[in-house]
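The primary structure of each chain is shown beneath.
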Amino acid sequence: QVQLVESGGGLVQAGGSLRLSCAASGLAFSSYAMGWFRQAPGKEREFVAGIGRRGATIYYADSVKGRFTISRDNAKTTVYLQMNSLKPEDTAVYYCAADRRDVSVGRESYDYDYWGQGTQVTVSS
């Protein structure tokens, strides 16, 4: 079955960095666009970044543009999210997701077919 397993979350001070990883199995990874979403307490899940099948198409939420970088390694069936200059408002559970549609990178939750269990990122001020 399809599994997406996130790792790399943790507690970091404001201004620090974290690198999230999402290891995928049970799917033809290179045939899926991949995305990162996050959900803070009391808030709706929101799009953070998405990357197309070959990595040529990338989108970021305005709130993370210039600070976060999404990348993928199809040989390792893994997608990454490098997060720099972290702010307390980045605190959330971060989820990776896989989109099997043969269209551009989705930016809505409903665009994605499979989800990981999430990893907590906490940024202290």
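## Here we look at the packing of aromatic side chains
All told, the structure shown has five aromatic pairs when counted by the stated rule. Judged by centre distance (5.2 Å) and plane angle (80 degrees), the ring pair of F37 and Y112 falls under edge-to-face. Highlighted residues: F37 in strand β4 (residues 33-39) and Y112 in the loop between β9 (92-99) and β10 (114-115), separated in sequence by 75 residues. By relative accessible area, which is 1% here, F37 ends up buried. By the ring-pair criterion, three or more aromatic residues cluster together here, those being F37, F47, Y112 and W115. Here the guanidinium or amino end of R19 rests over the ring plane of Y80, the centre of that ring lying 4.0 Å away. When the ring centre of W115 is taken as reference, the NZ or CZ atom of R45 above it lies at 4.6 Å.

## Side note on the sheet that holds strand β1 (residues 3-7)
Here four strands make up an open sheet; going across it, the order is β1-β3-β8-β7 and the pairing antiparallel. Each edge of the open sheet is held by one strand with a lone partner, namely β1 and β7 (68-73). Geometrically, the sheet is characterised by an average inter-axis angle of 15 degrees between neighbouring strands, direction not taken into account. Where β7 and strand β8 (residues 78-83) come together, six bridges link them in antiparallel fashion. Residue D73 lies in a different strand from β8, and its bridge partner there is T78.

## Some thoughts on the nonpolar core
Ranked by internal contacts, the top residues of the largest apolar core, which has 34 residues, are M34, W36, V79, L81, M83 and Y94. At the level of secondary structure, the elements contributing two or more residues to this core comprise β3 (18-25), β4, β5 (46-51), β7, β8, β9 and β11 (119-124). With residues near it in sequence (within four places) discarded, L81 still touches L18, R19, L20, W36, V48, A49, F68, T69, I70 and Y94.

Cut-off values and rules
Residues numbered from 1 in each chain as written. Predicted model: local features only at pLDDT ≥ 70, side-chain atom pairs only at ≥ 80, totals over all residues. Heavy atoms only, no water. Phe/Tyr/Trp six-rings, centres within 6.5 Å; stacked < 30°, edge-to-face > 60°. Helix = DSSP H or I, 4+ residues; strand = E, 2+ residues; numbered from the N terminus. Buried < 20%, exposed > 50% of the residue type's maximum accessible area, 1.4 Å probe, protein only. Lys NZ or Arg CZ within 6 Å of the ring centre and 35° of its normal. Pairing = 2+ DSSP bridges. Axes fitted to C-alpha atoms, helices over the stretch in contact; angles between N-to-C directions. Core = buried A, V, L, I, M, F, W, Y, C linked by side-chain atoms within 4.5 Å. Contact = heavy atoms within 4.5 Å.

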